[in-house]
Every structure is written in structure tokens, then in C-alpha cells.
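# Structure assessment
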Amino acid sequence: MPVIDHDALRRHAIARTFFKPTTLLRAIQRLGFVQADPIRAPARAQDLILMHRVKDYRAGQLEARYARLAVEEDCLVNYGFLARETLALLHPRVARRAWDEAMNARAAEVLEFIRARGRTHPQQVQQAFSHGRVAGYWGGELNASTHLLDGMHYRGLLRVARRDSGTRVYEAIEHAAQDDSPQARRERAGALLDMIVSLYAPLPSPSLGYLTTLLGYGAPHLKTEAREVLKHAKSRWAHAKVDGEVWYWPSDENPASRAHRVEPERLRFLAPFDPLVWDRRRFERLWGWAYRFEAYTPAAKRTMGHYALPMLWGDQVIGWANLKVEGGTLVPDLGFIGKRPRDAAFRAALDEAYQEMSVFLGLAE
């Protein structure tokens, strides 16, 4: 009988997340959530995630097609993109921090303005209202109108209709009332955790607990129910103990299945927030070394680079790549955990990965 060990878990993790490339909407629906990040090095994280899962995908297509897709920008465990039907599990959202009377009055005034105008750029709100400045999330100051719009979006008063050169353009939205009974709330929390397990499985128990805590960002009003669902993890999801640690995955899957085949000579450059590498704890368990995202680390203290992309070759993550575009050409800087492979198969796989990335970035067309 096949054994569930770290080798099986590694193959399972790879095979289940790199499904056959499909359409943009179907890929997002299958993943459930695509984490977003504004840094473009050489492309935004959401695009780097989708390039491996959407047929003939090119950088920027999600933003370009967003307004025509049944997709929403919103919060789950982080900020990103969700299938529109998922909003019913997250809204009406009750923020952990209630606004005071003055903030509620400002929000009501801006909401009325946006309802009258339709799709509204933040600059139009800034021109119509004088809200002053507030402290920024990462230091410095933000325009208070921008801060207010962000809060209104989080609270479900607005949705992102599209992006204008990266800036969110908003429109008003009304979410349907939900059954607020204890059973219905627990079912919504369970459905959200099912989605998280499906996205990041197989998951070691501490990681599942951490993700349940992070769900408090997207569904703070379901925090108690989510913790209650977690208490019954062993009856809800399939699991096994591997080297003394319990791992979880969807109940209809088997990590030891021979169906989990990994392309042995395929090399992929992965986003720092790709589902395969997002959980740093799991990453260390499965690949035996610590990957670090250092974009916000002072340059002098970086060990891997500004935006190191883990390199998956076959079923091993053998190192990382920092990729720049200079003069219309892809310029790579590679790092390896062990010795750099010297065989012809690796060289061919690396050349193919460079070509794939160049096409994705529009450099080879």
C-alpha cells in the first residue's frame, strides 16, 4: 500500500496546484483565491501565479479583462482576487474596528456621490471633498479620501469596478442580507476554510491554524465560527501524521495516489505568493530550506535578492531567480541551495523557462 510521507506530500502539492491550463475565469474559480501584490519584478504576483494556470496567459491580462469577468478584488487571508460567488461568504462584512459618527457621516456622503456618478476615480472624490491627510500604512501620509474609499471597499459599500493605470476605480454595491443564525454562520466559516484548505493543501496542522487566524482579515465577523470549525478539523478533512505532525487535505484526495505525476524536466519560476510556496513552514518541511521574501528588507541585509522567485525543477525547489528586463531582454540572476545542475536536461529546462517568461512578459512577440 502506498505510504504517505514527505515525498508523497510534495508530489501531491505540486500535482494538485499545477492543473491543466484553462481559461482565466476557470483558473481563478479553481484556485479560489489569487493573492495580489503591486510590485512588478518582473511582473505582479497575481500575473506570475496565473501564467502557470491559464492557457496563453500574458502579464497584465487579469487587469485588462477584469471588468468583463465575474471576479472581484477583495480580502480573504490577504488581499487578492476571488470568484464573484465567494462574496456571499464574506459579506456583509463587519469590520473589527467600528467607525465613529464622523467617519460614518463622511462615508455616507461619499457613497451618495458615487451612486450618483457611477464608476468613480479616487481623484474625483478628492476634488469633490476635502478630507485632509491621515497616517499611511507604511509610514508617511495618505490622502484621507483614499483611506476612506479603502475602508468603504473593505466594509462592502464599494467594489472595484476596474483599474486605471493601477488605481482602483470604484462603484457602489449592495450585498444581499445573509442568514445570521448560528448554523448558517458556521456553514459560511466552514466553506471559507474548505476553500483555504483546497488552495494550500496539503497543510501541516500549525499552518492550518495560522490560516484560520488570517481569515480574520477577510471574515472578522466569523472568527468564533472559524475557530469552532478548526476544532473539528480531523472529522472535516482527510489527514495523516507524518514525522509526528498532522497534515490536512480535501477529503476526496489521496496524497499517495500514483495519479500525482510531476513533469520531471519542467522548470518553473514561481511568485513569492504562489500557492505552492506561500506557506513558508510547509516549504521548509517539503524542500528542506528556508525561502525568504526580501522586497521590504534593506538591500544590505538581503540574502536572496529583491524579488527572488523560487525555481521548481521537477519536484524539487532548487534555488531562486531574480529576473529583470533591460533593453527589452530578460536578465536573470540565479541562486542555488546546492550545486547548480550541470546536465543537459537542466540547461534545456532553464532555456525553456526563460522563453516562457519572455513570451509571458511580451518580450518575445
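Attention in this report is confined to the structure presented alongside it. On a predicted model such as this, the values are computed, not experimentally measured, just so you know.

The next subject is the sheet that holds strand β9 (residues 238–242). Strand order in the open sheet formed by three strands is β8-β10-β9, with antiparallel pairing between adjacent strands. Each having just a single partner strand, β8 (203–204) and β9 make up the two edges of the open sheet. Pairing of β9 with strand β10 (residues 245–249) involves five bridges; the strand directions are antiparallel. Bridge pairing in β10 links A238 to W249.

Formed by 114 residues in total, the largest nonpolar core has its most connected members in L48, L76, Y200, F269, L276 and Y307. In terms of residue count, the dominant contributor to this core is helix α9 (residues 182–200) (eight residues). The residues touching Y307, leaving out its near neighbours within four places in the chain, are D37, I39, A41, A43, A45, L48, P272, F273, F293, A295, A321 and N322.

Topologically, D164 is positioned in strand β6 (residues 158–164). Sequence-wise, D164 and K339 are 175 residues apart; in three dimensions their C-alpha atoms are separated by 45 Å. If near-sequence neighbours (up to four positions away) are discounted, D164 is found in contact with H121 and V169.

When β6 meets strand β7 (residues 167–172), the two strands line up antiparallel, connected through six bridges. Its bridge partner lying in β7, R163 is registered against R168. In sequence, β6 turns back onto β7 through a hairpin of two residues, with S165 there showing a positive phi of about 55°.

A few words now on the sheet that holds strand β2 (residues 71–75). Strands sit in the order β1-β3-β2 across an open sheet of three strands; the sheet is antiparallel. A single partner strand is all that each edge strand has here, and the edge strands are β1 (33–35) and β2. Taken over all neighbouring pairs, the strand axes of this sheet differ in orientation by 30° on average, direction set aside. With five bridges joining them, β2 and strand β3 (residues 79–83) adopt antiparallel strand pairing. Paired with D74 across the two strands is G80, which belongs to β3.

We now examine the packing of aromatic side chains. Here the distance between the centres and the angle between the planes together describe a pair of aromatic rings. This structure, assessed with the given rule, holds 17 aromatic pairs. Aromatic pair F283 and Y291: ring centres 6.0 Å apart, planes at 45°, arrangement tilted. Of the two residues, F283 and Y291, both sit in the buried class. The rings of F283, W287, W289, Y291 and W320 are connected pair by pair, giving a single aromatic cluster. The positively charged end of R155 is found above the aromatic ring belonging to W99, 3.9 Å away from the centroid.

So, about the packing of α9 against helix α11 (residues 223–231). The contact between α9 and α11 brings their axes to 8 Å, and the two run at 65°. Overall, the two elements α9 and α11 adopt an arrangement that is roughly perpendicular. Where α9 crosses over α11, the handedness of that crossing is right-handed. Together, R185, R186, A189, G190 and L193 of α9 and E225, A226, E228 and V229 of α11 make up the contact between the two elements. Along the lines of polarity and charge, the residues of the contact of α9 with α11 split into four nonpolar, one polar and four charged.

This part covers the environment of R261. Looking at the secondary structure, you find R261 in the loop between β10 and β11 (267–269). Classification of R261 by relative accessible area gives exposed; the value is 70%. Along the backbone, R261 and R16 are 245 residues apart, and their C-alpha atoms lie at a distance of 9.6 Å.

Here the focus is the side chain of H91. By the element assignment, H91 lies in the loop between α5 (87–90) and α6 (101–117). Of note is the side chain of H91, whose polar atom sits 2.9 Å from the side chain of D74. Not counting residues within four places of it along the chain, the set of residues in contact with H91 comprises D74, Y154, R155, G156, H175 and Q178.

Most of helix α8 (residues 144–154) is tucked away: eight of the eleven residues are buried. Every buried residue of α8 is accounted for by A144, S145, L148, L149, G151, M152, H153 and Y154. G156, located one to two residues past α8, shows a positive phi value of around 85°.

Moving on: the packing of helix α1 (residues 6–17) against helix α13 (residues 280–287). Helix-helix packing is described using two parameters, namely the angle between the two axes and the distance between the axes. At a closest axis distance of 9 Å, the pairing of α1 and α13 adopts a crossing angle of 125°. Comparing the axis directions of α1 and α13 gives the class oblique. The two elements α1 and α13 meet at a crossing, and its hand is left-handed. Here α1 contributes H6, L9, R10, A13 and I14 to the contact with α13, which in turn contributes R282, R285, L286 and W287.

Here is what the cut-offs are and how they apply
Residues numbered from 1 in each chain as written. Predicted model: local features only at pLDDT ≥ 70, side-chain atom pairs only at ≥ 80, totals over all residues. Heavy atoms only, no water. Pairing = 2+ DSSP bridges. Helix = DSSP H or I, 4+ residues; strand = E, 2+ residues; numbered from the N terminus. Core = buried A, V, L, I, M, F, W, Y, C linked by side-chain atoms within 4.5 Å. Buried < 20%, exposed > 50% of the residue type's maximum accessible area, 1.4 Å probe, protein only. Contact = heavy atoms within 4.5 Å. Axes fitted to C-alpha atoms, helices over the stretch in contact; angles between N-to-C directions. Phe/Tyr/Trp six-rings, centres within 6.5 Å; stacked < 30°, edge-to-face > 60°. Lys NZ or Arg CZ within 6 Å of the ring centre and 35° of its normal. Parallel < 35°, antiparallel > 145°, perpendicular 65-115°, else oblique. Left-handed = near helix turned anticlockwise from the far one by under 90°. Nonpolar A, V, L, I, M, F, W, Y, C, P; charged D, E, K, R; others polar. Polar contact = N/O pair within 3.5 Å; in protein donor to acceptor, adjacent residues only side chain to side chain.

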